[in-house]
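Residue strings, one per chain:
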Amino acid sequence: MDRGIFLGGIPGTTSRRGFLRACAIATAAMGLPMEMVSKVAEAAKDPERPRVIWLHFQECTGCTMSLLEASHPDIASLILDLISLDYQETLMVAAGEQAEENLHKAIEEGNYILVVEGGIPLKDDGVYCKVAGKTAVESLKKAAEKAVAIIAIGTCSAYGGIQAAKPNPTGAVGVQDIIKDKPIINVPGCPPNPHNFLSTILYYLTFKKLPPTDRWGRPLFAYGRKIHDHCERRPHFDEGRFVEQFGDIGHQLGYCLYKVGCKGPETYSNCPVIRFNDVEVWPVSVGNGCYGCTEPNFWDTMAPFHDRLPNIKIPGAGIQASATEFGKAALGVTAAAIAIHAGIGVAKRLATGSKSEE
């Protein structure tokens, strides 16, 4: 497929330094030893790029935007250099009949990875989301037939997202509720961290298979630990120091946000390790609690977002009591998270200090 039909993704737009940096960060994020960076980079440079069809359904396009806005490295360009993107409505110059022709041709050729963004409505025969006269569920089933694997990017395509919140008027569901005969991996988040999507692609390129997952179909390297277990505010939780309301002295001093609604104790994600944006922040680090957006049905189970979870005991006796009740159980995963975070830090420093040609 001619990549000239896209607005971005021109081969060679990613610098060598940015390329190596991304490979190093992804290697660390996957929990692989740094010795694997060269193997990951070698797989990423394979000229036989996997073909990808990317479909949009009920969503805000925030997942695509999180990729486009990421930089240092420019993840959008990097991903488009790693894959052969045959169809993606947001990035395509083509529209109407020309776009449909591109999609049909790509599907007929087969042997591609299908990326799905957005929930799929089933109520009233799926009439609440249509493209080119076809419902989302029809398009999904057709595209899935010849796909070798499916990546559901974002919580909407993974679990239905906000569209599936009660009372779910359109009957929105995730990909895995419809497609049962293909390997599917979920990369949830609202939006997900673009490095998690990149790492999933690089894992597939390196090992020729999708990464191991948890019971919700999420890659364990990104969603295998609770946010609470490697949050920088965790020591305040263990000591019983909490923000009581936004703007109080505890909030100014960086105390734990659990009492004002942080859902970190019930949310699995690597947000504190990978972080977002060039300044490496994440919601909790800037003073707002986690909303649990990587969890199924989070719009229902985690709301109200600024009220604390009712079934988690708050420590009040300081570190001696809480260390026994909370610390020992989390010690192993916290140590693992620290190791990964350290690996990512080393990777970033190595790549930043690289003398490779831009």
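Just so we're clear, the structure is a prediction, and the values are computed from it rather than from any experiment.

## With respect to the overall build of the protein chain
- Helices and strands together make up the secondary structure of the protein chain, namely 14 helices and 9 strands.
- When each of the 358 residues of the protein chain is scored for burial, the buried share is 54%.
- Sequence-distant contacts, at least 24 apart, represent 76% of the contacts inside the protein chain between residues at least 6 apart.
- Summed over all atoms, the accessible surface of the protein chain reaches about 16100 Å², with 56% contributed by carbon and sulfur.

## Focus on the UniProt feature "binding site: [4Fe-4S] cluster 1" (unreviewed entry) in the protein chain
- What UniProt calls "binding site: [4Fe-4S] cluster 1" (unreviewed entry) maps, in this numbering, to Cys60, Cys63, Cys156 and Cys190. Across 131 residues, the annotated set stays spatially compact, with a maximum C-alpha separation of 9.8 Å.
- In this structure, Cys156 sits in helix H7 (residues 155–159).
- Discounting residues that sit within four places of it in the chain, Cys156 has contacts with Gln58, Gly118, Gly119, Gly161, Ile162, Gln163, Val173 and Gly174.
- Residue placement: Cys190 occurs in the loop between strand E9 (184–187) and helix H8 (194–207).
- For Cys190, a relative accessible area of 44% gives the class partly exposed.

## Some remarks on the sheet that holds E9
- Taken in spatial order, the 5 strands line up as E2-E1-E3-E7-E9 in an open sheet, and their pairing is parallel. Looking along the sheet, the strands with just one partner apiece sit at the ends: strand E2 (84–88) and E9. Here the strands of the sheet are splayed against their neighbours by 20 degrees on average, with no regard to which way each runs.
- Lying on the sheet, H8 is in contact with strand E1 (51–56), strand E3 (112–117), strand E7 (147–153) and E9; it crosses E7 at an angle near 165 degrees.

## Some remarks on the packing of helix H2 (residues 37–44) against H8
- Where H2 contacts H8, the axes come no closer than 8 Å and their chain directions differ by 90 degrees. Here H2 is positioned roughly perpendicular relative to H8, judged by the angle of their axes. Taking contact as the criterion, the partners of Lys39, Val40, Ala43 and Ala44 in H2 are, on H8, Leu202, Leu205 and Thr206.
- For the contact of H2 with H8, the class distribution of residues is 5 nonpolar, 1 polar and 1 charged.

## Section: the nonpolar core
- Met30, Leu82, Val115, Ile151, Phe197, Leu198 and Leu202 are the most contacted members of the largest nonpolar core, which has 41 residues in total.
- Counting residues per element, this core draws most heavily on H8, which supplies 6 residues.
- Discounting residues that sit within four places of it in the chain, Leu202 has contacts with Cys23, Ala26, Met30, Val40, Ala44 and Leu82.

## A closer look at the pairing of E2
- Of all 5 residues in E2, 5 are buried, a share of seventy percent or more.
- As paired strands, E1 and E2 are joined by 4 bridges and run parallel to one another. Within E2, the position partnered with Arg51 by the bridge is Ser84.

## What about the environment of Ser157?
- Residue placement: Ser157 occurs in helix H7.
- Its relative accessible area of 0% is what places Ser157 among the buried residues.
- When neighbours within four sequence positions are excluded, Ser157 is seen to be in contact with Val116, Glu117, Gly118, Gly119, Ala152, Gly174 and Val175.
- A polar side-chain atom of Ser157 sits 3.3 Å from the main-chain carbonyl oxygen of Gly154.

## As for the pattern of salt bridges
- Taken as a whole and judged by the stated rule, the model has 10 salt bridges.
- For Arg51, the salt bridge goes to Glu109, with nearest N and O atoms at 3.1 Å. Here Glu109 lies in helix H5 (residues 96–109) and Arg51 lies in strand E1, a separation of 58 residues in the sequence.
- Judged by its relative accessible area of 17%, Arg51 falls in the buried class.
- Using a relative accessible area of 45% as the deciding quantity, one classes Glu109 as partly exposed.
- The partner of Arg275 in a salt bridge is Glu232, with the nearest N and O atoms 3.4 Å apart. A residue pair is termed long-range when its members are at least 10 positions apart, and Arg275 in the loop between helix H12 (271–274) and helix H13 (298–301) and Glu232 in the loop between helix H9 (220–223) and helix H10 (234–239) qualify at 43 residues.
- With relative accessibility at 19%, the residue Arg275 sits in the buried group.
- Salt bridges sharing partners connect three or more residues here, namely Arg51, Asp86 and Glu109.

## Looking at the confidence of the model for the protein chain
- Looking at the protein chain, the pLDDT average stands at 83 and 82% of residues meet or exceed 70.
- Low pLDDT (under 50) marks residues 317–335, which in the prediction has 20 contacts with non-local residues, meaning those over four places away or in another chain.

## Re the packing of aromatic side chains
- Considering all chains together, one arrives at 10 aromatic pairs under this definition.
- Geometrically, the ring pair formed by Tyr203 and Phe207 is tilted, given 4.6 Å between the ring centres and 45 degrees between the ring planes. With Tyr203 and Phe207 both in helix H8, this residue pair falls 4 residues apart, about one helical turn.
- Here the aromatic rings of Phe237 and Phe242 are separated by 5.7 Å at their centres, their planes lie at 85 degrees, and the arrangement is edge-to-face.
- Residue Phe237 is classed as buried on the basis of its relative accessible area of 1%.

Here is what the cut-offs are and how they apply
- Within any chain, residue numbers begin from 1 and follow the written order of that chain's sequence.
- Confidence filtering applies because this is a predicted model: local features only for residues at pLDDT of at least 70, side-chain atom pairs given and counted only at 80 or more, and all residues used for totals across whole chains, interfaces and linings.
- Water and hydrogen atoms were dropped before computing side-chain values, which therefore reflect all heavy atoms in the structure.
- Numbering of helices and strands runs from the N terminus, with a helix taken as a DSSP run of H or I at least four residues long and a strand as a DSSP run of E at least two residues long.
- Only protein chains enter the accessibility calculation, which uses a 1.4 Å probe. A residue is then buried if its area is under 20% of the maximum for its type, exposed if over 50%, and partly exposed in between.
- What makes two residues a contact is simply this: any of their non-hydrogen atoms within 4.5 Å.
- Each accessible area is a Shrake-Rupley result for a 1.4 Å probe, and residues are judged covered by the shown protein chains and nothing else.
- UniProt positions are given in the numbering used here, feature names are shortened, and annotations may be inferred rather than shown by experiment.
- For two strands to pair, DSSP has to find at least two bridges joining them.
- Only C-alpha atoms enter the line fits that serve as axes; for helices the fit covers just the stretch in contact. Angles between N-to-C directions range over 0 to 180 degrees.
- The labels follow the angle: roughly parallel below 35 degrees, roughly antiparallel above 145, roughly perpendicular from 65 to 115, and oblique for the rest.
- Residues are grouped as follows: Ala, Val, Leu, Ile, Met, Phe, Trp, Tyr, Cys and Pro are nonpolar; Asp, Glu, Lys and Arg are charged; every other residue, Gly included, is polar.
- Only buried Ala, Val, Leu, Ile, Met, Phe, Trp, Tyr and Cys residues count toward a nonpolar core, and they belong to the same one when joined by side-chain atoms within 4.5 Å.
- Whenever a nitrogen or oxygen atom comes within 3.5 Å of another N or O atom, the pair is scored as a polar contact, on the condition that within protein one atom can donate a hydrogen and the other can accept it, and that pairs from neighbouring residues in sequence are kept only if both atoms are in side chains.
- Note on definitions: salt bridges are taken to be side-chain nitrogens of Lys or Arg within 4 Å of carboxyl oxygens of Asp or Glu.
- Predictor confidence is given residue by residue as pLDDT, running from a minimum of 0 to a maximum of 100.
- When the centres of two rings from Phe, Tyr and Trp lie within 6.5 Å, Trp using its six-membered ring, the rings pair. Their planes under 30 degrees apart give stacked, over 60 give edge-to-face, and anything left gives tilted.

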